[in-house]
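# Architecture at a glance
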Amino acid sequence: MESSLGWIDLSPAALRRLRQELDPETEGVVDEMGVGAIHTGYSDHFFPGTSVLHTRPRYVFFTCWNYLSIDAGDGDAVQAKETAELWVKNHLLKSGQKGVIGKLVEHPAQPVDFIYWTALRKWGFYQGPNRSTLLSRWNEFSISRVRSQTDNDEQVIDDPQASFLVPKLPPYWLRPKPREAVTFELTWEEAEFLQERLESLAACLLSSAASIARKRLSTGETPWEDAVINGAAREVGESDLLQRAQLASSFALLIRSIYAALVEQRRNDTAAPSLLARVSDKHHYRRILRALFGRDERVAADVRKLDLALLKQDLPHLSETFLTLLRRVQERVEKVTRVVDFDKHLLAEDIMDWFSSEEARRKDRRARLPDTAFGLERRETFDETTVRVMPIDYRWRAVKTLLRDLHYGLLRRAK
């Protein structure tokens, strides 16, 4: 039988879609206008230590146990760690778990320990040198499991101690054929331990929600719709802050919608006919933007309501350039009294100039909007799949899973 070798030529747009399908953890959100600063600011304040890449909280325990099991000898600690992570992944898949990191690839772009390292630090599971130093100079440190820690601040690199505050390793850990299934279900002891660690954080929504999680299950589609988070906000006196985060989430949705509609408009005006012929929906983002002043009027109402001075007070790291853009957009939204007028006020030439300047400032030659040769080239792959226009959820998917796993783990004592 003859064999043959062939090539499949994928367009950049097809490659982008393929990457999104292969990586279920990616948000796929274009942040050309800087709304990510709002996301990061409120997320770090409300839910310290969390990440959009988090899937299940038991990974924190897995990571500690893997490090405590490393026996590098004269070998490579990184390789030993990766072997342990592969064991975890394979046994999680064997037990049919959902949320397994690296399910479709042997080596995920972000290793599990890297994804959860900030959580280990923030939540008090680890104390010692930073991750890269620990792995590169493994044999210089004394690695131990401890019962308590008095100081969770990062130690200096030369400190010989690296300690993990975590329950003892299960007897089956890293065995070739463990007698127990490896799952994401927290044991009652682990849930109690995790709750204690989260409650030790400085007062925030996460620390308070961890206390409430014993009695209530998180069910809200957003943080501000969740009874546990609303109860936590009242407990720590941040109900107003949570409400502003909701308004800012809608504002981010509007900014993303305007940006995508402007790129779409400029592409339609400047692209070659042969390129436009490959675009199935030339006004996809314009319709999304229009809907925000029609059936989704709540978004426009939220934008009008947000006090930008208080937003700056909540998030002092926001740049004045970005805040100026928000003020200009808010002023224009005030002028949209009829749905049919949205494009006159939000897709006008001066809005195009403002957004182009801001994107160029942030992205330089990678910017899509500027009417330059670089912008023209970047717009060649722009279509209705490029930007996932959505509000900010402040890592809610990961936080909700954390609180739900914690709740069910705490209930296991009764069983």
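Take the overall build of the chain next. Helix and strand counts for the chain stand at 19 helices and three strands. Of all 415 residues assigned to the chain, the portion counted as buried reaches 49%. Looking at the chain alone, contacts between residues at least 24 apart form 73% of all its contacts between residues at least 6 apart. Entry remark: accessible area of the chain is about 21,100 Å², with carbon and sulfur atoms responsible for 49%.

What follows is about the confidence of the model for the chain. On average, residues of the chain score 89 in pLDDT, and 89% of them reach the 70 mark or higher. Counting interchain partners and residues more than four positions distant, the pLDDT-below-50 stretch residues 1-29 has 30 contacts.

Let us look at the pattern of salt bridges. For the structure shown, the criterion picks out 23 salt bridges. Put simply, glutamate 358 and arginine 361 hold a salt bridge, and the shortest N to O gap is 2.8 Å. On the criterion of helical spacing, the pair formed by glutamate 358 and arginine 361 is a turn pair, its members being three residues apart in helix α17 (residues 349-363). Overall, arginine 361 belongs to the partly exposed group, its relative accessible area being 49%. Several salt bridges share partner residues, and in doing so they unite Glu32, Lys363, Arg368 and Arg378 into one network.

What follows covers the packing of aromatic side chains. Throughout the structure, instances matching the rule amount to 23 aromatic pairs. Judged by centre distance (5.0 Å) and plane angle (65°), the rings of tryptophan 87 and tryptophan 173 are edge-to-face. Of this pair, tryptophan 87 sits in helix α4 (residues 77-94) while tryptophan 173 sits in the loop between β3 (161-165) and α7 (188-199), and the two are 86 residues apart along the sequence. Each member of the pair, tryptophan 87 as well as tryptophan 173, is classed as buried. These aromatic residues form a ring-pair network of at least three members: Tyr59, Phe61, Phe62, Trp65, Trp87, Tyr116, Phe125, Tyr172, Trp173, Phe184 and Phe193.

Calculation criteria
Residues numbered from 1 in each chain as written. Predicted model: local features only at pLDDT ≥ 70, side-chain atom pairs only at ≥ 80, totals over all residues. Heavy atoms only, no water. Helix = DSSP H or I, 4+ residues; strand = E, 2+ residues; numbered from the N terminus. Buried < 20%, exposed > 50% of the residue type's maximum accessible area, 1.4 Å probe, protein only. Contact = heavy atoms within 4.5 Å. Areas by Shrake-Rupley, 256 points an atom, 1.4 Å probe, with all protein chains shown as cover. pLDDT = per-residue confidence, 0-100. Salt bridge = Lys/Arg side-chain N within 4 Å of Asp/Glu carboxyl O. Phe/Tyr/Trp six-rings, centres within 6.5 Å; stacked < 30°, edge-to-face > 60°.

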